[in-house]
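# Residue-level structure breakdown
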Amino acid sequence: MKKPLVAALSSLALAGLGATPAIAAPHTTAPHTTKAVKATVDFAGTVSLSNCSGSVIRFPNSADTDPALVLTNGHCLETGMPGPGQVVTGQSSTRSFGLLNSAGSRIGTLRANQVVYSTMTDTDVTIYRTTTTYAAIKSSYGISPLTVQDTHPVAGTAIKVVSGYWKRIYSCNVDGFVYRLKEGDWTFKDSVRYTSACNTIGGTSGSPVIDTATGKVVAVNNTGNEDGERCTVNNPCEVDANGNVTVRQGINYAQEIYNIPACFTTGNKLNLSASGCTLPKP
């Protein structure tokens with residue numbers, strides 16, 4: 001996990017918050033050769049949580065009048081990390097989120113009333129329902145949600161990882177995909193591996209991974225191998241279809257979200273029985 005835990009954040013605090021940005025990765029972005037036009041990727045629509053990053057998201061079929069949703073990691077859930085095989089749905093929540101504008105300034109507070117979905121099985125996501133609508137957020141703050149891409153991401157795509165917690169943007173490319181990413185007791189399927197320029201740190205958990213060509217969210221940032229250990233917490237390992245294990249120290253990862261829109265119906269309501277929905281069920 002990208003150090004969302006209190007102990008990890010405490011260690012960052014002890015190191016001195018003012019010193020932390022010095023280890024940010026350089027903002028280098030490889031050209032996206034398949035598309036000529038690039039979207040503007042900034043902090044607009046991202047949020048800061050107490051221990052993680054996140055974003056206000058909509059699905060391709062969401063309506064402006066739907067309750068706004070916030071996406072972050074499963075391991076950022078305020079009641080503790082879901083265990084292997086655990087799926088949380090419909091859990092009451094009063095969590096607050098700092099809404100950011102394009103410059104990364106906090107311009108408002110959003111509040112959740114429900115954990116719609118949370119798991120660390122196969123993927124690493126939490127989706128909150130807020131007490132307001134997309135239209136109301138647009139009217140009050142001039143901020144639109146980020147749209148979730150409903151097709152599989154593509155290797156080589158130029159991406160930006162936008163952290164609302166640190167107000168920092170990392171630029172790199174999708175290096176490839178990992179059959180199984182094992183971290184401690186958890187296993188993630190078909191994970192996104194970044195090229196080395198996205199040197200994400202603690203607090204970037206839950207950041208949206210945005211395609212610089214389309215402006216759509218293609219994944220959610222969640223972990224990286226920090227110390228070169230094999231398959232331990234904060235040191236995930238890659239496992240291929242034949243069971244071969246690879247450790248890539250210093251490389252970071254995200255979880256795909258293209259399969260999530262199929263699990264939401266009219267009114268941004270979760271329906272895990274919907275056709276095409278492959279998310280783990282309780």
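Preceding this section is the structure that the text describes.
The present account deals with the structure reproduced in this document. (Residues numbered from 1 in each chain as written. Predicted model: local features only at pLDDT ≥ 70, side-chain atom pairs only at ≥ 80, totals over all residues. Heavy atoms only, no water.)

## Quick notes on the overall build of the chain
From N to C terminus, the chain includes two helices and 18 strands. Buried residues in the chain amount to 53% of all 282 residues. Once local pairs closer than 6 in sequence are excluded, the contacts in the chain between residues at least 24 apart make up 68%. Total accessible area computed for the chain in this model is approximately 11200 Å², and 50% of it derives from carbon and sulfur atoms. (Helix = DSSP H or I, 4+ residues; strand = E, 2+ residues; numbered from the N terminus. Buried < 20%, exposed > 50% of the residue type's maximum accessible area, 1.4 Å probe, protein only. Contact = heavy atoms within 4.5 Å. Areas by Shrake-Rupley, 256 points an atom, 1.4 Å probe, with all protein chains shown as cover.)

## A look at the packing of aromatic side chains
Applying the stated criterion across every chain yields a total of three aromatic pairs. Across from the ring centre of Tyr134, 5.5 Å away, lies the NZ or CZ of Arg58, which sits over that ring. Seen from the ring of Tyr179, Arg180 lies directly overhead, with NZ or CZ sitting 4.0 Å from the centre. (Phe/Tyr/Trp six-rings, centres within 6.5 Å; stacked < 30°, edge-to-face > 60°. Lys NZ or Arg CZ within 6 Å of the ring centre and 35° of its normal.)

## Some thoughts on the side chain of Arg58
Assignment of secondary structure puts Arg58 in strand E2 (residues 53-58). Of note is the side chain of Arg58, whose polar atom sits 3.0 Å from the side chain of Asp64. (Polar contact = N/O pair within 3.5 Å; in protein donor to acceptor, adjacent residues only side chain to side chain.)

## Topic: the pattern of salt bridges
Pairing is possible between side chains of opposite charge, provided their charged atoms come close. In this structure the tally under the stated criterion is six salt bridges. Of the charged contacts, one joins Arg193 and Asp175 as a salt bridge, the two residues approaching to 2.8 Å between their closest N and O atoms. Here Arg193 is found in strand E11 (residues 186-194), whereas its partner Asp175 is found in strand E10 (residues 168-183), with 18 residues between them in sequence. Judged by its relative accessible area of 11%, Arg193 falls in the buried class. Across the pair Arg248 and Glu238 runs a salt bridge whose closest N-O atoms are separated by 2.8 Å. Highlighted residues: Arg248 in the loop between strand E15 (245-246) and strand E16 (252-256) and Glu238 in strand E14 (residues 237-239), separated in sequence by 10 residues. By relative accessible area, Arg248 is classed as partly exposed at 33%. Each of Asp175, Arg193, Glu238 and Arg248 takes part in salt bridges that share partners, so that together they form one network. (Salt bridge = Lys/Arg side-chain N within 4 Å of Asp/Glu carboxyl O.)

## Here we look at the state of the cysteines
Taken as a whole, this structure holds four disulfides when the rule is applied. Two residues share a disulfide in this structure: Cys172 and Cys198, whose sulfurs sit 2.1 Å from each other. Taking the sign of the S-S torsion, -100 degrees for the link of Cys172 and Cys198, the bridge is left-handed. Placement of Cys172 in strand E10 and of Cys198 in the loop between E11 and strand E12 (208-211) is noted, with a sequence separation of 26 residues between them. A single burial state applies to Cys172 and to Cys198, both of which are buried. If you count the bonded cysteines of the chain from the N-terminus, they pair up as 1-2, 3-4, 5-6, 7-8. (Disulfide = S-S within 2.5 Å.)

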